[in-house]
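# Architecture and fold: a report
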Amino acid sequence: MMPDPIVIVATVLLMLPMAYFLMAAPAFLLVKLDIPAVTQLLRVLFSAYYLVLAIAASAGTLGFLMVGRITPALAIGLIAALAVVARRWFLEQIDREISLRDAGDAEAVWRLRKLHWGGMLCNAVQLGVVIAGIPYLVAPT
C-alpha cells in the first residue's frame, strides 16, 4: 500500500525550508559580523527561515490531520510552535547584540557568531529528526 500523497507533500514541504537554511546559513561563516549590512542580512535570513518554517509546519500539520494521522500531526505542530518561539527569541537576541555592537561592545560580534552557530545547530537537529522520522511519517496506516 502506498503512502497518502498528502503525507508525502506535507513531509517534503516541511523539509524544504530546513534544507534551504542548512545550505544558506553557513555562508555567513565566511564574512565578518561587524559589518552592519551583513548582520542585517543574517537577521533577515533567521526571520524568514523561522517564518517559512512555521508556515510550512502548520500546513504539514493540517495535511496530516486531514488524513487522520494525529501523532505525526502533533509532532509537526510542535515544530511549528517551536519555530514561532525560536523566531521571536533569535530576533530579540540578534537585535540586542547588534545594538550592543553598535554601542561599542567588542564581545557582541562573538555573541552574534554564537547565535548564528546555535541557529544552524537547531536547524540541523530538527532536519535530522524529520529525516529520521520519514519512515514513520509516510508509513501507510
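For the structure, check the block above.
The structure reproduced in this document is the subject of the present report. Computed from a predicted model, the values in this text were never measured in an experiment.

### Overview of the layout of surface pockets
Picture a little ball the size of a water molecule; that probe, rolled over the atoms, points out where space is still empty. Looking at the largest pocket, its volume works out to about 150 Å³. Every residue along the wall of the largest pocket is listed here: L14, A75, I76, L78, I79, L82, Q126, V129, V130, G133 and L137. Counting residues per element, the ones that place at least two in the lining of the largest pocket are α3 (70–102) and α4 (108–138). Counted by class, the lining of the largest pocket contains nine nonpolar, two polar and no charged residues.

### Section: the packing of helix α1 (residues 5–24) against α4
Contact geometry for α1 and α4: axes closest at 9 Å, N-to-C directions at 160°. For the element pair α1 / α4, the angle class is roughly antiparallel. The handedness of the crossing between α1 and α4 comes out as left-handed. Residues V7, I8, T11, L14, M15, M18, A19, F21 and L22 of α1 form the contact with α4, whose own contacting residues are G119, M120, N123, A124, Q126, L127, V130, I131, I134, L137 and V138. Across the contact of α1 with α4, the residue classes tally to 16 nonpolar, four polar and no charged.

### Details of the packing of aromatic side chains
Counted under the stated rule, the structure contains seven aromatic pairs. An angle of 20° between the planes, with centres 4.3 Å apart, marks the rings of F21 and Y49 as stacked. Remark: Y49 occurs in helix α2 (residues 36–66) and F21 occurs in helix α1; sequence separation between them is 28 residues. Assessed through its relative accessible area of 1%, F21 is described here as buried. Overall, Y49 belongs to the buried group, its relative accessible area being 5%. Among the aromatic residues, those joined into a ring-pair cluster are F21, F46, Y49, Y50, W89 and F90.

### Section: the nonpolar core
Most often, soluble globular proteins have nonpolar side chains that are buried together. Membership of the largest hydrophobic core comes to 36 residues, with the highest contact counts inside it found for L14, M18 and F46. Listed by contribution, the elements that provide at least two residues to this core are α1, α2, α3 and α4. Excluding its chain neighbours within four sequence positions, the residues that come into contact with F46 are F21, F90, L91, I94, L115, H116 and G119.

### Some points on the side chain of E97
Following the sequence through the fold, E97 ends up in helix α3. A relative accessible area of 2% places E97 in the buried class. Apart from residues lying up to four places away in sequence, E97 is in contact with A108, R111, L112 and L115.

### Notes on the pattern of salt bridges
Within the structure shown, the criterion is met by six salt bridges. When the shortest N-O distance is used, the salt bridge between R43 and D95 registers 2.5 Å. Placement of the pair is R43 in helix α2 and D95 in helix α3, with a sequence separation of 52 residues. For E92, the salt bridge goes to R88, with nearest N and O atoms at 3.1 Å. Of this pair, E92 and R88 both sit in helix α3, four residues apart, which is roughly one turn of the helix. Look at R88 and you get exposed, because its relative accessible area is 60%.

Analysis parameters
- Residues numbered from 1 in each chain as written.
- Predicted model: local features only at pLDDT ≥ 70, side-chain atom pairs only at ≥ 80, totals over all residues.
- Heavy atoms only, no water.
- 1 Å grid on protein atoms, 1.4 Å probe; cavity = no way out; pocket = protein on both sides within 12 Å on 5 of 7 lines; lining within 4 Å.
- Points joined across faces, edges and corners; volume = space filled by probe spheres on them.
- Helix = DSSP H or I, 4+ residues; strand = E, 2+ residues; numbered from the N terminus.
- Nonpolar A, V, L, I, M, F, W, Y, C, P; charged D, E, K, R; others polar.
- Axes fitted to C-alpha atoms, helices over the stretch in contact; angles between N-to-C directions.
- Parallel < 35°, antiparallel > 145°, perpendicular 65-115°, else oblique.
- Left-handed = near helix turned anticlockwise from the far one by under 90°.
- Contact = heavy atoms within 4.5 Å.
- Phe/Tyr/Trp six-rings, centres within 6.5 Å; stacked < 30°, edge-to-face > 60°.
- Buried < 20%, exposed > 50% of the residue type's maximum accessible area, 1.4 Å probe, protein only.
- Core = buried A, V, L, I, M, F, W, Y, C linked by side-chain atoms within 4.5 Å.
- Salt bridge = Lys/Arg side-chain N within 4 Å of Asp/Glu carboxyl O.

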